[in-house]
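# Structural overview
What follows is the residue order along each chain.
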Amino acid sequence: QVQLVESGGGLVQPGGSLRLSCAASGSIVSINIMAWYRQAPGKARELVARIFSEGKTNYADSVKGRFTISRDNAKNTMYLQMNSLEPEDAADYFCYAYRAGWTQAAWGQGTPVTVSS
């Protein structure tokens, strides 16, 4: 299993952009699924976007057309480019990884995103 560390969160005005990064402690080449989840205060954790090892991606309807997930296997890093941010996007964002054969998925510690004027 790998350790995951998120970075890139912060305060941004509505309409602004942020890029989150998720750095893994080891190779991500063989990791089947990597994803971003988010959790706002008082709400359940929800899937934002995921990317499979072959490059296929899925997005939550609420972020389609605004967010882009990607992974750089050479840098052992996954990204989430977030554009046109809305106050409703404010949450703690968590990195997730799972490889077939692991007993459990790996999670990062989260990075906060605040969208406010």
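Counting restarts for each chain: residues are numbered from 1 in the order of the written sequence. Restriction of local features to residues with pLDDT of at least 70 applies here, the model being predicted, together with a cutoff of 80 or more for giving and counting side-chain atom pairs; totals for whole chains, interfaces and linings are based on all residues. Water and hydrogen atoms play no part in the side-chain values, which are based on all heavy atoms of the structure.

Our next topic: the nonpolar core. Judged by nonpolar contacts, the single largest core of 31 residues is most densely connected at M34, W36, L80, M82 and Y93. At the level of elements, β3 (18-24), β4 (33-39), β5 (46-52), β7 (67-72), β8 (77-82), β9 (91-98) and β11 (111-115) are the ones that each hand at least two residues to this core. Contact between two residues is taken to exist if any of their heavy atoms lie within 4.5 Å; hydrogens are not considered. Each residue touching L80, except ones within four places of it in the same chain, is listed here: L18, R19, L20, W36, V48, A49, F67, T68, I69 and Y93. In this text, buried Ala, Val, Leu, Ile, Met, Phe, Trp, Tyr and Cys residues form a nonpolar core when linked through side-chain atoms within 4.5 Å. Burial classes: relative accessible area under 20% of the type maximum marks a residue as buried, over 50% as exposed, and values in between as partly exposed (1.4 Å probe, protein chains only). A helix here means a DSSP run of H or I that spans at least four residues, while a strand means a run of E at least two residues long, and both kinds are numbered starting from the N terminus.

Take the state of the cysteines next. What counts as a disulfide here is a pair of cysteine sulfur atoms lying within 2.5 Å. This structure, assessed with the given rule, holds one disulfide. Across a sulfur-sulfur distance of 1.9 Å, C22 and C95 are joined as a disulfide pair. Here the S-S torsion is close to -70°, and the disulfide linking C22 with C95 is therefore left-handed. On the criterion of sequence distance, the pair formed by C22 in strand β3 and C95 in strand β9 is long-range, its members being 73 residues apart. Side by side, C22 and C95 carry an identical accessibility label, which is buried.

Everything listed is a geometric property; what it means functionally is a separate question.
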